[in-house]
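# Observations on the three-dimensional arrangement
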Amino acid sequence: MITINITAKSTEGTVKQIQEIIGGTIIERWGEYVLSVNNKIATGKITFITFEWGGSVLEYDITFLEDIVLVMDTSEFNPIHFTYTSEGHSFHRFELEENKRKLAQFQSVIITSKDGGYNYGYFEKNVKNHIHLIQINRVNFIKKRLNDASQLNKRLYEVFHDQQHENVFAYFGTFNLKLANLIKKFNKVKQKGMIKILIKEGIIYQILSEHILQHNKDVKTNKQPNTSLSKKELNSVRKVAQKISNNVAEDYNVEELANSLGLPQAKLQEGFKMLFSRTVIEYIRHVRLEEARDLINNTDYNISQIVYSIGFSSRSYFSKIFKKKYGISPSKFLKNKQNAKIKTA
């Protein structure tokens, strides 16, 4: 096992101390830093961006080839950690705890420690991890972005306002695939330079908000929702949802989708409602409309071509539900885009 002692005062310092042990090179572009590693200790990358409002995002997309433990001294740098694992898993414990807690795939996790204490993070060898960690400096964040935290759950409110870092807080929440979709969106930003950073910053706010909403929802429902589905079954539902999102024009049938997973239709519906707050049919309609909006924005298709390409047969029905969702008819949306092109030509 390799132990990495973290005594840094910032996210940047943390990554540099990790680099000292595992090697690799750090490259910076417009405020985004990437540590790339390919050696006997690890393969992959660690990326981070720091924002002036007291937040940073740290992304592990890496496989450690040795068991790793991060021993984090919170005397100088003790942010609130909002963690989401898209792939793999890791473990955490506070200094005075004997048992480690697992940060599971798709789980919303919020952790902070007492000032002067230690956090221990564990990564198992040969496990491919893709983890997004938003770190919030409480003092800076409250001054710049959270002037009124009264809407937060009382416990989380106390953590944000614990400027002397006297509280330990650990929330290991339920599965949340809205976070998975936001993180996928974060990783797919194609713009370059400052525009890329600004877009990513906006998505970070969405991810942070979803963590807090999930926390408040779990508190109201005594943390764990009632579900008969196993993690494996939920993962299967996620894969089906991804298939639908990637191939929106197919003629989907709820019974056939359930049979393909070996699940009763009731369980399939339960999984979609838990993960997406939608029935299967509502989810299909949602992703088709999202695809239609993107086609209007990014292609020269007319409305009839778009209706056909997303799997609808009725243009009038499509126009009705598009306007209900976005507050504007697809034809007017397209016309506004065309007028904008003429003005900027």
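Whatever comes next refers back to the structure up there.
Now for a quick tour of the structure. If you're wondering where the values come from, they're calculated on a predicted model, not measured in any experiment. (Residues numbered from 1 in each chain as written. Predicted model: local features only at pLDDT ≥ 70, side-chain atom pairs only at ≥ 80, totals over all residues. Heavy atoms only, no water.)

## Some points on the overall build of the protein chain
- Along the protein chain, the regular secondary structure elements total 12 helices and 13 strands.
- Here the contacts in the protein chain between residues at least 6 apart in sequence split such that 67% fall between residues at least 24 apart.
- Surface exposure of the protein chain reaches about 18,000 Å², of which carbon and sulfur atoms provide 48%. (Helix = DSSP H or I, 4+ residues; strand = E, 2+ residues; numbered from the N terminus. Contact = heavy atoms within 4.5 Å. Areas by Shrake-Rupley, 256 points an atom, 1.4 Å probe, with all protein chains shown as cover.)

## Regarding the pattern of salt bridges
- Scanning the model with the defined rule gives 8 salt bridges in all.
- Between Lys128 and Asp61 there is a salt bridge, with the nearest N and O atoms lying 2.5 Å from each other. Residue Lys128 is found in strand E12 (residues 128-136), and its partner Asp61 is found in strand E5 (residues 55-64); the two are separated by 67 residues along the sequence.
- Of the charged contacts, one joins Arg293 and Asp294 as a salt bridge, the two residues approaching to 3.4 Å between their closest N and O atoms.
- For Arg293, a relative accessible area of 26% corresponds to the partly exposed category. (Salt bridge = Lys/Arg side-chain N within 4 Å of Asp/Glu carboxyl O. Buried < 20%, exposed > 50% of the residue type's maximum accessible area, 1.4 Å probe, protein only.)

## Remarks on the packing of aromatic side chains
- Considering all chains together, one arrives at 9 aromatic pairs under this definition.
- With a centroid separation of 5.3 Å and an interplanar angle of 65 degrees, the aromatic rings of Phe272 and Tyr283 are classed as edge-to-face. Taken as a pair, Phe272 in helix H8 (residues 265-276) and Tyr283 in helix H9 (residues 280-298) lie far apart in primary sequence, 11 residues in all. Grouping residues by exposure puts Phe272 and Tyr283 together as buried.
- Every member of this aromatic cluster is reached through a ring pair, and the members are Phe312, Tyr317, Phe318, Phe322, Tyr326 and Phe333.
- Residue placement shows Arg288 over the ring face of Phe312; its charged tip is 5.3 Å from the ring centre. (Phe/Tyr/Trp six-rings, centres within 6.5 Å; stacked < 30°, edge-to-face > 60°. Lys NZ or Arg CZ within 6 Å of the ring centre and 35° of its normal.)

## What about helix H7 (residues 254-261)?
- The set of residues buried in H7 consists of Val254, Leu257 and Ala258. One side of H7 holds all its buried residues, which, seen down the axis, span an arc of 100 degrees. Away from its buried face by more than 90 degrees, H7 exposes Glu256, Asn259 and Ser260.
- The elements touched by buried residues of H7 are helix H6 (231-246), H8 and H9.
- Gly262 lies just past H7 and shows a positive phi near 70 degrees. (Arc of directions from axis to C-beta.)

## Describing the sheet that holds strand E9 (residues 101-103)
- As summarised here, the arrangement of the 5 strands in space is E1-E6-E11-E8-E9, forming an open sheet in which the pairing is mixed. Every other strand in the sheet has two partners, leaving strand E1 (2-6) and E9 as the edge strands with one partner each. The average undirected angle you get between the axes of adjacent strands in this sheet is 25 degrees.
- Direction of pairing for strand E6 (residues 68-73) relative to strand E11 (residues 118-123): antiparallel, over a ladder of 6 bridges. Each residue of the ladder has a partner; that of Val69, found in E11, is Tyr122. (Pairing = 2+ DSSP bridges. Axes fitted to C-alpha atoms, helices over the stretch in contact; angles between N-to-C directions.)

## Overview of the side chain of Gln105
- Mapped onto the fold, Gln105 is located in the loop between E9 and strand E10 (107-112).
- Reaching out from Gln105, the side chain makes a polar contact with the backbone oxygen of Ser86 at a distance of 2.9 Å.
- If we skip the residues at most four places from it in the chain, Gln105 touches Thr85, Ser86, Glu87, Gly88, Phe175 and Lys231. (Polar contact = N/O pair within 3.5 Å; in protein donor to acceptor, adjacent residues only side chain to side chain.)

## Examining the sheet that holds E12
- Pairing is antiparallel in the open sheet, where 8 strands are placed in the order E2-E3-E4-E5-E12-E7-E10-E13. Looking at the sheet topology across the chains shown, the edges are occupied by strand E2 (25-29) and strand E13 (169-175). Sheet twist, expressed as the mean angle between neighbouring strand axes with direction ignored, is 15 degrees.

## Overview of the nonpolar core
- Formed by 59 residues in total, the largest nonpolar core has its most connected members in Phe82, Ile204, Ile207, Ile244, Leu268, Phe272 and Phe318.
- The element contributing the most residues to this core is H9, with 8 residues.
- Beyond its immediate chain neighbours, meaning those up to four positions away, Phe318 contacts Leu289, Ala292, Ile303, Ile306, Val307, Ile310, Phe312 and Pro330.
- Counting 21 residues, the second-largest nonpolar core is a separate cluster that includes Ile41, Ile46, Phe48 and Leu58. (Core = buried A, V, L, I, M, F, W, Y, C linked by side-chain atoms within 4.5 Å.)

## Section: unusual backbone geometry
- For Phe106, which is not glycine, the phi torsion reads 75 degrees and is therefore positive.
- Looking at where Phe106 falls in the secondary structure, it is placed in the loop between E9 and E10.
- You will see that Asn126, though not glycine, has its phi angle at about 65 degrees, which is positive.
- The topology assignment puts Asn126 in the loop between E11 and E12.

## Concerning the pairing of strand E3 (residues 32-38)
- Alignment of E2 against E3, held across 5 bridges, turns out to be antiparallel. Among the inter-strand pairings, Ile26 is bridged to a residue of E3, identified as Leu35.
- Counting the residues that bridge the hairpin from E2 to E3 gives 2 residues, and of these Trp30 lies at a positive phi of roughly 50 degrees.
- In terms of strand pairing, E3 meets strand E4 (residues 42-50) through 7 bridges, oriented antiparallel. Opposite Val37, over in E4, you have Gly44 as the bridge partner.
- Counting the residues in the hairpin turn of E3 and E4 gives 3 residues.

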